[in-house]
Amino acid sequence: MSNSMILGGIMRGGFYDGRKLPKDFVLELLRSAKRTGYATAETKYFRALPSFIAARGLYPRVKTPVTLVYGDHDWSKPKERAEVAALVPGSLLITLPRTGHFSALERPESIANIIIDATARRTGDIVEPRRKRVGGTL
C-alpha cells in the first residue's frame, strides 16, 4: 500500500464526502514532509499543543470580530463548538451542512462566501449577490 493511499485514507476521515479530497493535495502533503526542516517544525507544533488548549483562557479578551466555521460532521462535537463561541465575545458560529473537518477543501466556495460576507460586515461594503459558478466562472 502506498503512502498516498494511507494518508489519503486518513484525510478522507475528515470529510463528509471523501471524494472531495484533492489527490494533488495529498501528494503535496507527502512532498512537504520530505522538505528540510519539516520534522523540526512538526515536533515544535506537537510540543506547543498544550499552549493551544491553554489559549482558550484568552478567548474572552478577543476584540476582533470572529466567525467560527465548522462542518456538521466535524471532529469536534456541537457542545465544544458552542463553548468556543460562548468564550469569544460577539462571535458568529456557522455550521456547514454535509461538511467534515476540512471545510475549506470540501466546500471552498462556501468558505469564500463566508469570508466575503464577514469582510463586508466589518467594512460596511455592499456585496454584489453571488451567483452559482458555471464552468469555473461566476
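Scroll up a little and you will see the structure.
Source: prediction; values computed, not measured. (Residues numbered from 1 in each chain as written. Predicted model: local features only at pLDDT ≥ 70, side-chain atom pairs only at ≥ 80, totals over all residues. Heavy atoms only, no water.)

Caption draft 1: Looking closely at the pattern of salt bridges. The final tally for this structure, using the stated rule, is four salt bridges. Across the pair Glu28 and Arg31 runs a salt bridge whose closest N-O atoms are separated by 3.0 Å. Here Glu28 and its partner Arg31 are both found in helix H2 (residues 23-33), three residues apart, which amounts to about one turn of the helix. What makes Arg31 partly exposed here is its relative accessible area of 44%. For the salt bridge of Lys79 with Glu83, the shortest nitrogen-to-oxygen distance reads 3.9 Å. With Lys79 and Glu83 both in helix H4 (residues 78-87), this residue pair falls four residues apart, about one helical turn. Through salt bridges that share partners, Glu28, Arg31 and Arg35 make up one connected network. (Salt bridge = Lys/Arg side-chain N within 4 Å of Asp/Glu carboxyl O. Helix = DSSP H or I, 4+ residues; strand = E, 2+ residues; numbered from the N terminus. Buried < 20%, exposed > 50% of the residue type's maximum accessible area, 1.4 Å probe, protein only.)

Caption draft 2: A look at the nonpolar core. Judged by nonpolar contacts, Leu7, Met11, Phe15, Leu21, Val26 and Phe102 together constitute the single largest core of six residues. The contacts of Val26, once residues within four sequence positions are left out, are Ser4, Leu7, Gly8 and Leu21. (Core = buried A, V, L, I, M, F, W, Y, C linked by side-chain atoms within 4.5 Å. Contact = heavy atoms within 4.5 Å.)

Caption draft 3: Here's a closer look at the packing of aromatic side chains. In the structure shown here, the tally under the stated rule is four aromatic pairs. Summarising the aromatic geometry, the rings of Tyr45 and Phe46 are spaced 5.2 Å apart at their centres and angled 75° between planes, so their arrangement reads as edge-to-face. Taken together through their ring pairs, the aromatic side chains of Phe15, Trp75 and Phe102 make up a single cluster. (Phe/Tyr/Trp six-rings, centres within 6.5 Å; stacked < 30°, edge-to-face > 60°.)

Caption draft 4: Up close: helix H1 (residues 3-12). Where H1 is concerned, the buried positions are Leu7, Gly8 and Met11. Around the axis of H1, the buried residues are gathered within 105° of arc, so they sit on the same side. Exposed residues on H1 whose side chains face more than 90 degrees from its buried face are Met5 and Ile10. Packing partners of the buried residues in H1 comprise H2. (Arc of directions from axis to C-beta.)

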